[in-house]
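Secondary and tertiary structure notes
Residues per chain, in single letters:
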Amino acid sequence: MWDLRSVAWKLGAAGVVALLACAATSPAGPTTTTGVYSEAQSERGAAVYAQHCAACHGAALTAGSAPPLTGPFWSSWNGRSMAELYGLVRGSMPQDAPSSLSDTAYADVTAHMLKVGGYPAGATDLPASAEALATMTIGPAR
Ligand code: HEC
């Protein structure tokens, strides 16, 4: 015999579990498709990039001796946290002088990467704080 109440309870519980799983994988904050950096910031970041990154990753971010930071790069980062990307760049780049730039310069150069990747600019700067960036998700590239 079907016990309808028991079935309904199980469906309800499955729904709650699915919701929790969702909440755990995607932070409920903005994504890079909603404008998480400013135009002025990406311009500052372009100067940082030219000086500290272009020699290896190419002037247009399309690769050199190092892998591309645009195009297929964003597909592989889709759905991941901005804090993860910022942490990786800040902790390991430039490869010949890791962690040598200011936190702001790392945020600015990340804004330049987003701009070249086709993500829209917004009203405020991308924060130079892993805590604030942890609420932001990288969205699908254009
Ligand atoms: C001296 C050369 C060099 C410089 C300068 C350099 N990089 Fe890199 N970068 C590399 C190499 C090589 C890799 C690949 C490392 C690996 O796969 O372990 C890499 C990897 C990366 C990645 C990860 C790529 C991926 O597919 O996930 C990012 C992001 C990155 N670099 C950003 C930057 C930024 C931003 C700068 C400037 C602040 C910079 N790099 C400067 C050589 C460089």
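Residues numbered from 1 in each chain as written. Predicted model: local features only at pLDDT ≥ 70, side-chain atom pairs only at ≥ 80, totals over all residues.

**A short note on the overall build of the protein**
The condition that has to hold: Helix and strand assignments follow DSSP, with helices taken as H or I runs no shorter than four residues and strands as E runs no shorter than two, numbered in order from the N terminus. Contact between two residues is assigned whenever their backbone-derived C-beta positions fall within 7 Å.
Looking only at helices and strands, the protein features seven helices and zero strands. In the protein, the order of α-helices and β-strands from amino to carboxyl end is α-α-α-α-α-α-α. Considering only residue pairs separated by 6 or more positions, the protein has 73% of its internal contacts joining residues 24 or more positions apart.

**A closer look at the environment of Pro-94**
So the rule is basically this: Exposure in this text rests on C-beta crowding, where 20 or more other C-beta atoms within 10 Å of a residue's own make it buried, 12 or fewer make it exposed, and counts in between make it partly exposed. The C-beta atoms are placed from the backbone.
Tracing the backbone through its elements, the reader meets Pro-94 in the loop between α5 (82-92) and α6 (103-116). Judged by the 18 C-beta atoms lying within 10 Å of it, Pro-94 is partly exposed. Each C-alpha atom of the pair Pro-94 and Cys-53 lies 6.4 Å from the other, and the pair is 41 residues apart in sequence. Each residue touching Pro-94, except ones within four places of it in the same chain, is listed here: His-52, Cys-53 and Ser-100.

**Describing the nonpolar core**
Put simply, the test is: Nonpolar core, as used here: buried Ala, Val, Leu, Ile, Met, Phe, Trp, Tyr and Cys residues forming one set through C-beta atoms within 7 Å.
Within the largest apolar cluster, 27 residues are counted, with the highest numbers of intra-cluster contacts made by Met-82, Leu-85, Tyr-86, Tyr-106, Val-109 and Met-113. Counting residues per element, the ones that place at least two in this core are α2 (39-52), α4 (72-77), α5 and α6. It is α6 that contributes the most residues to this core, seven residues altogether. Ignoring any residue separated from it by four or fewer positions in sequence, one finds Val-109 in contact with Gly-45, Val-48, Tyr-49 and Cys-53.

**Examining the packing of α5 against α6**
Here is the rule: Working convention: axes come from line fits to C-alpha atoms, limited for helices to the stretch in contact. Angles between N-to-C directions cover 0 to 180 degrees. Oblique is the label for any angle not under 35 degrees, not over 145, and not in the 65 to 115 range, which are roughly parallel, roughly antiparallel and roughly perpendicular in turn. The sense of a crossing depends on the near helix, which, turned anticlockwise from the far helix by less than a right angle, makes the crossing left-handed and, turned clockwise, makes it right-handed. Polar here means any residue other than Ala, Val, Leu, Ile, Met, Phe, Trp, Tyr, Cys and Pro, which are nonpolar, and Asp, Glu, Lys and Arg, which are charged; Gly is therefore polar.
Following both chains from N to C, one finds α5 and α6 inclined at 120 degrees, their axes separated by 10 Å at the closest point. By the angle between their axes, α5 is oblique relative to α6. Where α5 crosses over α6, the two elements pack in a sense that is right-handed. Between α5 and α6, the contacting residues are Leu-85, Tyr-86, Val-89 and Arg-90 on the first element and Tyr-106, Ala-107 and Thr-110 on the second. Tallied by class, residues from the contact of α5 with α6 come to five nonpolar, one polar and one charged.

**As for the confidence of the model for the protein**
What counts is decided by this rule: pLDDT: the predictor's confidence for each residue, scored from 0 to 100.
The predicted model of the protein has a mean per-residue pLDDT of 89, with 80% of residues at 70 or higher. Here residues 19-24 scores under 50 on pLDDT; set against residues more than four positions off or in separate chains, the count is one contact.

**Describing α2**
It helps to recall that an α-helix has 3.6 residues per turn; residues three or four apart then point in one direction. Where we set the bar: Each helix should span, by expectation, one fewer than its residue count multiplied by 1.5 Å. Directions pointing from the helix axis toward each C-beta atom define the arc.
For α2, built from 14 residues, the straight-helix expectation of 20 Å at 1.5 Å per residue is met to within 8% by its first-to-last C-alpha distance of 20 Å. Listing the buried residues of α2 in full gives Gln-41, Ser-42, Gly-45, Val-48 and Tyr-49. Viewed along the axis of α2, the buried residues span an arc of 110 degrees, placing them on a single side of the element. On its buried face, α2 sits against α3 (54-57) and α6.

**Focus on the site of the ligand**
How we decide: Any residue whose backbone-placed C-beta atom lies within 6 Å of a molecule or strand is treated as near that molecule or strand.
In the neighbourhood of the ligand, 16 residues make up the surrounding shell, with Cys-53, Cys-56, Ala-66, Met-93 and Pro-94 lying closest. Among the residues making up the shell around the ligand, the classes are represented as 12 nonpolar, three polar and one charged.

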